[in-house]
Amino acid sequence: MDVVFQIVANSIIAGSLYTLIASGFTLTYSTTKFFNITHGVMTAVGAYTVFFLGKILGMPLLLAIIVGVLFAGLLGWVLNYFIYQPLRKKNASQLSLLVASLGAFTAIQACISLAFSSQFQTISHTAVMQKTFSIVGASVTQIQLIIVASALISFVSLTFFLKKTRFGTAIRAVSDDEEVAKVIGINTDKVIGIAFFIASALAGLAGILIGFDSAIEPTMGLALLMKGVTASIVGGLTSIFGAVVGSFLVSFVENFGIFYTAGEWRDAIVFTLLIIFLMFRPNGIIRT
Amino acid sequence: MEYFLHLITLFAIYAILGLSLNLVVGYTGLLSATHAAFYGIGAYATALLLTVSGLNFFFAVFLGIILTSLIALSIGSVLSKFRDDYYALGSIGFCIITFSIFLNWQDLTRGPLGISGIPRPDIFGLSFSSSILFALLALIALGVTFLACRGIVRSSFGRVLKAIREDEGAIQVFGYRTHTYKLLVFVISAAMASVAGSLFATYVTYIDPSTFTILESVFILAIIILGGLANLRGSLIGALILILIPELLRFAGFPAEIAGQTRELVYGLMLLVLMLRRPQGLLGEYKL
């Protein structure tokens, strides 16, 4: 039985990480309606910023983490402002936006490899918060509890932000219909820019947390992106709540899947789930 | 001289990949990122048949084509149900699943160790171990591929493909089974990629999974988008430019160990700039 509890615990931790990635992806998809591939590389951007500031320059960790999250957010905003926004203004198709983001993804990932080598790295000199707890037979580390807490806090605050603030209402208006939102006086460019900032910052946070939990490499973004995208599609690509449900479905399928097969098949298992959903439920499991 | 023959061989292999992908992306308007997978299946099939069973080269290439076509038929019958960005996403999923099989089905592929000692082709006692003969063989394969592609795009079959690209719904009204056409062009294109894989495997005599990642698909996409979608001569020019750029960088004094990342940086940025400034590429007749 213990092993089942451990798998459940691992699934919850992985699901929390996917929540951070998928809720941001859903946010940008619902406002701009294109698959933003660069979202994935933001995990590596956040993680390597902390690696550079904390491990190489010796900045206090907490400060490095805050800068890392903000830097990932800022880069997301910059990419939107200089690439995706001009393309949308030219009425470029979703496919050309996708190709542009694929190009940006490849270029940013290559820059990180050039600057920090493509090897696996640990994010800091000392192991941080690796104290282990035992919860109903499953062992979890402190940092893993922080991962779960971060996902919970960001889900609650993002939902509150979208439902209760003027700005959140503006984001939802843009998601429903960008043209109408523009007509009633919403500055849609600004709204989309901020959506990109929030989404990228959350992805950056996920990358940083992964760095403290295990290790980082420049190519970490693609598999995480595809899991986040799978979670978002399973969740219907319209609501943050859907993204959370999707994230946990993906992580449970993944972790129970590798229990019955072997660890190296985790990516293949998740993408098989993605293809099954694309075939049979392209609008996700939640009907809106 | 050896060096030029090397470049000619590489050019021929990538031009075959570009021409065949152009049938799917340029002429039919389906953004596929699975091409590296078929390139890899062809390479692995040939490598295994030649090293394990010592078959004749042509027979190994032929069996590689059959195997790749069968796999493309099953992947394509799933993908043909999708459109636009869902098609792209599903194709990325299949590329990662195939890579994961190359890497993890260790009994067959020897995983990350790869397959070494692949013999050069030996046809009726004529050995292609010299560079000049191999370059000639690759150029002949390229010529045949070019003529085949030209035949396809000028035929009535090719006109239906272009009609699917422009308006799939309208051509369905005329009674064409677009699903079958999309599937057929996908299989033809995969079979051509398989030949490129066979040439690659016997040319470098060693293959491992790292050649057949999603980044290789992005590279082939960059070739045809630079050269121009729905233009066969464009794919040749795109392959030539993208093969020469890393060599120029090397002459400009970039060290060899960062050559791979520099190549990724260059074609990533190139895709980005093309989407912003010239989405139809150099000679393109269609833009995404």
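For clarity, every value in this text was computed on a predicted model and none was experimentally measured. (Residues numbered from 1 in each chain as written. Chains lettered and ligands numbered in written order. Predicted model: local features only at pLDDT ≥ 70, side-chain atom pairs only at ≥ 80, totals over all residues.)

1. So, the overall build of chain B
Step number 1: From N to C terminus, chain B includes 12 helices and 2 strands.
Step number 2: Shown N-terminal to C-terminal, the secondary structure of chain B runs as helices and strands in the order α-α-α-α-α-β-β-α-α-α-α-α-α-α.
Step number 3: On the principal axes, the C-alpha backbone points of chain B span a range of 55 × 45 × 35 Å.
Step number 4: A buried classification covers 51% of the 288 residues belonging to chain B. (Helix = DSSP H or I, 4+ residues; strand = E, 2+ residues; numbered from the N terminus. Buried ≥ 20, exposed ≤ 12 C-beta atoms within 10 Å, placed from the backbone.)

2. With respect to the overall build of chain A
Step number 1: For chain A, the helix and strand inventory stands at 11 helices and 2 strands.
Step number 2: Secondary structure elements in chain A, listed N-terminal to C-terminal, are α-α-α-α-β-β-α-α-α-α-α-α-α.
Step number 3: For the C-alpha atoms alone, the extent of chain A along its principal axes is close to 55 × 45 × 35 Å.
Step number 4: Counting every position in chain A, which comprises 288 residues, the buried fraction comes to 52%.
Step number 5: Sequence separation of 24 or more characterises 77% of the internal contacts of chain A that already satisfy a separation of 6 or more. (Contact = placed C-beta atoms within 7 Å.)

3. Some points on unusual backbone geometry
Negative phi is the rule for most residues except glycine; trans is the rule for most peptide bonds.
Residue and element names in this part refer to chain B.
Step number 1: Not every positive phi belongs to a glycine, and Arg110 is a case in point at roughly 60°.
Step number 2: Relative to the assigned elements, Arg110 resides in the loop between α5 (106-109) and β1 (122-123).
Step number 3: For Thr205, which is not glycine, the phi torsion reads 60° and is therefore positive.
Step number 4: With respect to the helices and strands, the residue Thr205 is situated in the loop between α9 (178-204) and α10 (214-227).

4. Focus on the environment of Leu27 of chain A
Step number 1: On the secondary structure map, Leu27 of chain A appears in helix α1 (residues 2-32).
Step number 2: For the pair Leu27 of chain A and Ile37 of chain A, spaced 10 residues apart in sequence, the C-alpha to C-alpha distance is 14 Å.

5. Brief notes about α10 of chain B
Since the α-helix packs 3.6 residues into each turn, any two residues three or four apart lie on the same face.
Residues and elements named next belong to chain B.
Step number 1: Between its first and last C-alpha atoms α10 spans 20 Å; for 14 residues at 1.5 Å apiece the expected length is 20 Å, and the two agree.
Step number 2: For α10, the tally of buried residues reaches 14 of 14 residues, placing the bulk of the element in the interior.
Step number 3: Downstream of α10 by one or two residues, Gly228 has phi in the positive range, about 125°. (Expected span 1.5 Å × (residues − 1).)

6. A short note on the interface of chain B and chain A
Step number 1: Between chain B and chain A, the residue contacts involve 34 residues of the former and 36 residues of the latter.
Step number 2: Residue assignment for the side of chain B that touches chain A shows that the elements contributing at least two residues are α4 (84-104), α10 and α12 (259-277) of chain B.
Step number 3: It is α4 of chain B that contributes the most residues to the side of chain B that touches chain A, 12 residues altogether.
Step number 4: Taken together, the residues of the side of chain B that touches chain A break down into 23 nonpolar, 6 polar and 5 charged. (Nonpolar A, V, L, I, M, F, W, Y, C, P; charged D, E, K, R; others polar.)

7. Focus: the nonpolar core
What tends to happen in soluble globular proteins is that the nonpolar side chains get buried as a cluster.
Step number 1: Leu17 of chain A together with Ile13, Ile16, Ala196, Ala222 and Leu271 of chain B are the most contacted members of the largest nonpolar core, which has 196 residues in total.
Step number 2: Once residues lying within four places of it in the same chain are set aside, the contact partners of Ile13 of chain B are Ala138, Ala196, Leu199 and Phe200 of chain B. (Core = buried A, V, L, I, M, F, W, Y, C linked by C-beta atoms within 7 Å.)

8. Quick notes on the packing of helix α4 (residues 94-116) of chain A against α12 of chain B
Step number 1: Running from amino to carboxyl end, α4 of chain A crosses α12 of chain B at an angle of 150°, the nearest separation of the two axes being 7 Å. On the basis of their axis angle, the class for α4 of chain A and α12 of chain B is roughly antiparallel. The chirality of how α4 of chain A crosses α12 of chain B is left-handed. Residue-level contacts link Ser96, Val99, Ala100, Leu102, Gly103, Ala104, Thr106, Ala107, Ala110, Cys111, Ser113 and Leu114 of chain A of α4 of chain A to Gln261, Glu264, Leu265, Tyr267, Gly268, Leu269, Leu271, Leu272, Met275 and Leu276 of chain B of α12 of chain B.
Step number 2: Along the lines of polarity and charge, the residues of the contact of α4 of chain A with α12 of chain B split into 15 nonpolar, 6 polar and 1 charged. (Axes fitted to C-alpha atoms, helices over the stretch in contact; angles between N-to-C directions. Parallel < 35°, antiparallel > 145°, perpendicular 65-115°, else oblique. Left-handed = near helix turned anticlockwise from the far one by under 90°.)

9. A few points about the pairing of strand β2 (residues 138-141) of chain A
Residue and element names in this part refer to chain A.
Step number 1: Note: strand β1 (residues 132-135) against β2, 4 bridges, orientation antiparallel. Within the sheet, the bridge partner assigned to Phe133 lies in β2 and is Val140.
Step number 2: Hairpin remark: β1 followed by β2, antiparallel, with 2 residues in the connecting loop; positive phi at Val136, about 35°. (Pairing = 2+ DSSP bridges.)

10. What about the confidence of the model for chain B?
Residues and elements named next belong to chain B.
Step number 1: Averaged over every residue, the pLDDT of chain B is 88; residues scoring 70 or more account for 99%.
Step number 2: Looking over chain B, one finds the lowest element-wise mean pLDDT in strand β2 (residues 126-127), namely 72, and the highest in α9, namely 93.
Step number 3: Quick note on the complex model: pTM equals 0.90, ipTM equals 0.87. (pLDDT = per-residue confidence, 0-100.)

11. Some thoughts on the environment of Phe128 of chain B
Residues and elements named next belong to chain B.
Step number 1: Positionally, Phe128 belongs in the loop between β2 and α6 (131-154).
Step number 2: Take Phe128: there are 20 C-beta atoms within 10 Å of it, and that puts it in the buried class.
Step number 3: Sequence-wise, Phe128 and Tyr203 are 75 residues apart; in three dimensions their C-alpha atoms are separated by 9.4 Å.
Step number 4: With residues up to four places along the chain from it excluded, the contact list for Phe128 reads Arg120, Pro121, Leu133, Phe134 and Leu137.

12. A few points about the packing of helix α3 (residues 61-89) of chain A against helix α8 (residues 188-213) of chain A
Residue and element names in this part refer to chain A.
Step number 1: Their axes nearest at 7 Å, the elements α3 and α8 cross at an angle of 140°. As the angle between them shows, α3 and α8 are arranged oblique. By crossing handedness, the relation of α3 to α8 is classed as right-handed.
Step number 2: Looking at the contact of α3 with α8 residue by residue, the class counts come to 16 nonpolar, 8 polar and 1 charged.

13. Some details on the confidence of the model for chain A
Step number 1: The share of residues in chain A with pLDDT of 70 or more is 99%, and the mean pLDDT across the chain is 89.
Step number 2: When pLDDT is averaged over each helix and strand of chain A, the minimum, 82, is found for β1 of chain A and the maximum, 94, for α3 of chain A.

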